[in-house]
Amino acid sequence: MKVLKFGGTSVGSVDSILSVKNIVEKEAKHGPVVVVVSALSGITDQLINTSQTALKGSDKWRTEFQDIIDRHHRLIDSIITDTTQLEQLVYTVDSLFDQLRSILFGVYLVHDLSRKTQDAIVSYGERISSHIVTALIKGSVRMNARDFIRTERKNGKNSLDTELTYKLVRESFSRQPRISIVPGFISRDRETGETTNLGRGGSDYTAAIIAAALDAEMLEIWTDVDGFMTADPRVIKTAYTINELSYVEAMELCNFGAKVVYPPTIYPVCVKNIPIRVKNTLNPKHPGTLIKQQIANDQKPIKGISSIKGTALITVTGLSMVGVIGVNRRIFTTLASKGISVFMVSQASSENSTSIGVRQEDAEDAARVLNEEFAKEISTGAMFPMIVESGLATIAIVGENMKHTPGIAGKLFGTLGRSGISVIACAQGASETNISFVVKEALLRKSLNVLHDSFFLSEYKVLNLFICGVGTVGSKLIEQIRSQYEELKEHSRLKLNVVGIASSKCAIYSRDGLDLTNYRQQLQASEPSNAQKLRDNVIGMNIFNSVFVDCTASKEISMLYHDFLKNNINVITANKIAASSAYDNYLLLKQTAMERGVKFRFETNVGAGLPIIGTINDLRNSGDKILKIEAILSGTLNFIFNALSANVPFSQTVRMAKEQGYSEPDPRIDLSGTDVVRKLVILTREAGYQVEQTDVEKQLFVPDEYFEGPVEEFWRRLPELDADFERRRQQLEAEGKHWRFVATMEGGKTRVGLQEVAQGHPFYNLQGSNNIVMLTTERYKEFPMLIQGYGAGASVTAAGVFANIMSIANI
């Protein structure tokens, strides 16, 4: 025998209630079933609101009441096709509505709404819905819950009289029909015989009571979700259904906001070891969640994450609390006497403070009554007035296997800390089933996402990317991410979620991820943006595991890095400005990243996709010391001097470099050596030396006057240098040498300049726009380390940025 409970959403629409019919009739083929039903979704709230309207003496109660009647009539007309049966059901339902109208009219006339009357009014929701379901399901018999569910008044609340109720349930179902329909929620007072109820969510409790009293094989809770989820799917898109939970785990999740099952439901069936299965009325083929005593082969330390918004902390503190017996008793007795529920307690081991979690709406009253209770101690300075912190949220991670897994708490707080989330208070019982903690409500979404991702509850690890710059490098990067997306998702369980793309004028954002196939059209249709708006949006979105990727050459954008790092946003940049800026700024960025537990990476600042900076870091981290760096770091200049020949003069090679995309739009930036100086400064700093750009000695090959005036004037005058370059080139060719623009660092001293390189030197045969770096270290003295390859080009630079992104994903 099974007990099936159907919630308000299950009986609240035509499709769902017809699904109820099919589910029940199919189950009844295998044995007797008891079906417990709630009121139609939203009806209980409407009944309460209508009674309050009547209490105020407003005629609007009539309209509100008619809306309730009309909704029920529409449902009945849609599901009952037999004319005779329809007439009988409408007569029964309308008779109940007539009774209810009389009660509401009385409230309207006398302006009085007692608890007894309120309980009577809300009972009609389940009474009417149970008649509708009984009429719909052939062969079913309606049972009146008030005949066997008994309550008694305790501490101002209706409490179940368990012994009497179980006895009456067994008597009532001694000759159990094949299908019994029972209205949930409602009950009767054992002394007065008045209609009472089991509280909000009481239909679940009704079903559990009947299942326990009759020793049912199974209790099934049918609702509008597929079962317990690992987290709230409205917040975490990757949340999924939990296959199995223990009774304890289910209770913990319910107590902390998972509104799948009414918490008291679990106790009656847990005592009898009756399993609970939670299923979806509109998706009956889904297996749902099974709740039972023991779970076989359960390896996951954490089963789910639950949360409560709108919470507040009341902190009771004072030196007089230390070692004094009875302070906590006074706190909880005072709050209980005022009907204020405490859902979390955190106490310092020194006993000088106790923080209690309450609902936001109870915070003011809680502080007031506690201040009154401890007024004497506060007046003498032995205790301090209550401290109230509002605008908070409480999160709980739940799993019975946490007790067998060391380091869960450490990982929890480490994960939150790296994401810039401060824990205000925390609590954990010795059972280690639940770790609860309080954060600012503004950080709730971020907290849930980062925890869900970090504890491998998510099917995929997620990185949320903000890409700034859609020029040659930025567009190539977006293309590479789009083409590699499915591969990474399938084989690396990694989702690269591009949540923001910004150009120099516009920006687009989507928390769920942008469509990379038409981002340019989206940008064109977007609102104008600037650096300040970009900063505010990236930080304001407050997304977990976020990475800001700079594919621009903008100084204004580089000035945003510190704010991003401070807000626990990783920064990856192909922009050389920040890492080559004033040494103090460079150091600040590095230190901020380290302190906040995020990454500031700029591998592509030197050598595009070549692993130069990473190699220097690896050498230093392993204890080696960089003694000397010799490098060709400008693909543009290397291209120019490789292309120079008797048939191709110097001015033409410069123009070719611009046309083929090797140089900046204004090639004087390359010819001045500014780019090489920046790169050398970055390498020198990463090698462990303090240096500024002004410290670099320059030996340039183009006279200073050519760097003055407009770029058009530069192009006009550039051929003036061709003859001298050709004369020197011929002499160089005769000597069997090549020109190379070399950056050198030795013992912290830096210089850049044009050098003549003879055959046999590693730089002699460097082709095209390639870069090469030669590292002399304490370990690599006799035979320096060489790193060589493409040092320019949008594709390889984008690939280098992509590699930096992956390095963060793999941490």
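These numbers come from a predicted model, not from an experiment.

Draft legend 1. The arrangement of the sheet that holds strand β24 (residues 600–601) in detail. Pairing in this open sheet of six strands is mixed, and the strands run β21-β20-β19-β22-β23-β24 from one edge to the other. Strands with a single pairing partner mark the edges of an open sheet, and in this sheet they are β21 (507–509) and β24. In this structure, strand β22 (residues 546–550) lies alongside strand β23 (residues 570–573), joined through four bridges in parallel fashion. Within the sheet, the bridge partner assigned to Phe548 lies in β23 and is Val571.

Draft legend 2. Structural context of the packing of aromatic side chains. Per the stated rule, a full pass over the model turns up 18 aromatic pairs. Residues Phe65 and Phe97 carry aromatic rings whose centres are separated by 5.9 Å and whose planes lie at 75 degrees to one another, so their mutual orientation is edge-to-face. On the criterion of sequence distance, the pair formed by Phe65 in helix α4 (residues 60–79) and Phe97 in helix α5 (residues 83–110) is long-range, its members being 32 residues apart. Each of the two residues, Phe65 as well as Phe97, counts as buried. Ring centres of Phe701 and Phe741 lie 5.8 Å apart, and the angle between their planes is 75 degrees; this geometry places the pair in the edge-to-face category. Of this pair, Phe701 sits in the loop between β26 (697–699) and α27 (711–717) while Phe741 is found in strand β27 (residues 737–746), placing the two residues 40 residues apart along the sequence. Judged by relative accessible area, Phe701 falls into the buried class, the value being 8%. Geometry around Tyr108 places Arg62 over its ring, the cationic atom sitting 5.5 Å from the centre.

Draft legend 3. Just helix α18 (residues 531–541), in detail. Buried within α18 are the following residues: Ala531, Leu534, Val538, Ile539 and Met541. All buried residues of α18 fall inside an arc of 165 degrees around its axis, so they share one side. On its buried face, α18 is in contact with β19 (461–468), β20 (494–502), β21, β22, α19 (555–558) and α20 (561–566). The opening residue of α18 is Asn530, an N-cap whose side-chain oxygen sits 3.1 Å from the backbone nitrogen of Gln532. Backbone geometry just after α18 places Asn542 at a positive phi near 55 degrees.

Draft legend 4. Structural context of the pattern of salt bridges. With the rule as written, the count across this model stands at 44 salt bridges. For the salt bridge of Asp59 with Arg62, the shortest nitrogen-to-oxygen distance reads 3.9 Å. Here Asp59 falls in the partly exposed class, since its relative accessible area comes to 47%. Taking relative accessible area as the criterion, Arg62 reaches 41% and is therefore assigned partly exposed. It is possible to trace a salt-bridge network through shared partners that takes in Glu152, Lys154, Asp161, Arg190 and Glu191.

Calculation criteria
- Residues numbered from 1 in each chain as written.
- Predicted model: local features only at pLDDT ≥ 70, side-chain atom pairs only at ≥ 80, totals over all residues.
- Heavy atoms only, no water.
- Pairing = 2+ DSSP bridges.
- Helix = DSSP H or I, 4+ residues; strand = E, 2+ residues; numbered from the N terminus.
- Phe/Tyr/Trp six-rings, centres within 6.5 Å; stacked < 30°, edge-to-face > 60°.
- Buried < 20%, exposed > 50% of the residue type's maximum accessible area, 1.4 Å probe, protein only.
- Lys NZ or Arg CZ within 6 Å of the ring centre and 35° of its normal.
- Arc of directions from axis to C-beta.
- Contact = heavy atoms within 4.5 Å.
- Polar contact = N/O pair within 3.5 Å; in protein donor to acceptor, adjacent residues only side chain to side chain.
- Salt bridge = Lys/Arg side-chain N within 4 Å of Asp/Glu carboxyl O.

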